[in-house]
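Residue-level structural notes
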Amino acid sequence: LIVHMKPGITCESGLGKSTLINSLFLTDLYPERVIPGAAEKIERTVQIEASTVEIEERGVKLRLTVVDTPGYGDAINSQDCFSTIISYIDDQFERYLHDESGLNRRHIVDNRVHCCFYFISPLGHGLKPLDVQFMKAIHNKVNVVPVIAKADTLTLRERERLKRRILDEIDEHGIKIYHLPDAESDEDEDFKEQTRILKASIPFAVVGSNQQIEAKGKKVRGRLYPWGVVEVENPEHNDFLKLRTMLITHMQDLQEVTQDLHYENFRSDRLKRGGRKGPEPEEMDKDMILQEKEAEVGYFRLQYFLGFSKEIWNML
Ligand code: GDP
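Summarised in this report is the structure supplied together with it. (Residues numbered from 1 in each chain as written. Predicted model: local features only at pLDDT ≥ 70, side-chain atom pairs only at ≥ 80, totals over all residues. Heavy atoms only, no water.)

Further remarks concern the pattern of salt bridges. Per the stated rule, a full pass over the model turns up 13 salt bridges. Taken together, the shared-partner salt bridges in this structure form one network comprising Lys-163, Asp-239 and Lys-242. (Salt bridge = Lys/Arg side-chain N within 4 Å of Asp/Glu carboxyl O.)

Right, dumping it as structure tokens:
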């Protein structure tokens, strides 16, 4: 599963994206990262970084590649950021399309982006015009999961209000976010209830931290404030655990939607545009037969024409 992370589009970086990823996978993905200075920011383009982490969930080992765009939001020209990220997603589709039509189809490495966490700033009063633009630019290519960053900076009421506002704006602008499928009727009640809660929590308001803090006699991942500790993995404090559960329980669905919807969109668009870069083998065969038929027809046409002109010639 590939998760595509993106920090919010603000002039300064630091919506807590890498901290959240570390919290999610209990790793430190970027231990040597250097925060760029102002001069560097202007020059910076969006760099795509991919790191693979292994997580174990109820005994099942999952290999997860996180693709991060550390410079996004820092670069002055946001259109450049857009196009770098969009080309990255398209390149992975392109590679898959190419491999799928190759000889070694059984051993394709699936590097397609299955999910994009879109970080929204807690400081605004909803979506920024750039958020709308970006989500619309990618919503037909990848599963977008909106996330409110640094939720500990909001009171409960502010959090609820911001969630409602974001959902209304998503609706108003026709942005297509990832919809969790309803639980099947034969699923157990706990799973149904979990799905209902997850659905009701979108956009997930999350808190991340790279620090272990002592709270109620236990060491927990959290943020220490003069008035207390915000615990990352406490569902009463924020939606971090819900986001993590969503990712793990719906991993297969995220992959299926990527295959059936986003990849299909890409593939049919490709074929419509007459792109010849790696059509499906069946398509390729059909194409070749058509071309051969065309050549035959052309050949016969030519013969007929010569014969005809010969007859006319003889008649004259
Ligand atoms: P990135 O640039 O989006 O990857 O942001 P970082 O993860 O580097 O975080 C930038 C700053 O925000 C750091 O000082 C973090 O300690 C802080 N931060 C990260 N997550 C949170 C959070 O959930 N709440 C608050 N209040 N601060 C956070």
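This paragraph deals with unusual backbone geometry. Of note, the bond from Ile-202 into Pro-203 is cis; its omega dihedral lies within 30 degrees of zero at -5°. Residue placement: Pro-203 occurs in the loop between α6 (189-201) and β6 (204-205). Of note, Lys-216 is a non-glycine position whose phi angle comes to about 50°, a positive value. Along the chain, Lys-216 falls in the loop between β7 (212-215) and β8 (218-225). (Helix = DSSP H or I, 4+ residues; strand = E, 2+ residues; numbered from the N terminus.)

Examined against the element boundaries, Lys-141 turns out to sit in the loop between α4 (129-138) and β5 (144-148). For Lys-141, the side chain forms a polar contact with the side chain of Asp-90, separated by 2.9 Å. Once residues within four sequence positions are removed from consideration, Lys-141 is found in contact with Ile-86, Ile-89, Asp-90, Phe-93 and His-262. (Polar contact = N/O pair within 3.5 Å; in protein donor to acceptor, adjacent residues only side chain to side chain. Contact = heavy atoms within 4.5 Å.)

Let's shift gears to the environment of Val-113. When you line up the elements, Val-113 lands in the loop between α3 (78-100) and β4 (115-120). Residue Val-113 is classed as buried on the basis of its relative accessible area of 1%. Along the sequence, Val-113 and Leu-254 sit 141 residues apart, while their C-alpha atoms lie 9.6 Å from each other. (Buried < 20%, exposed > 50% of the residue type's maximum accessible area, 1.4 Å probe, protein only.)

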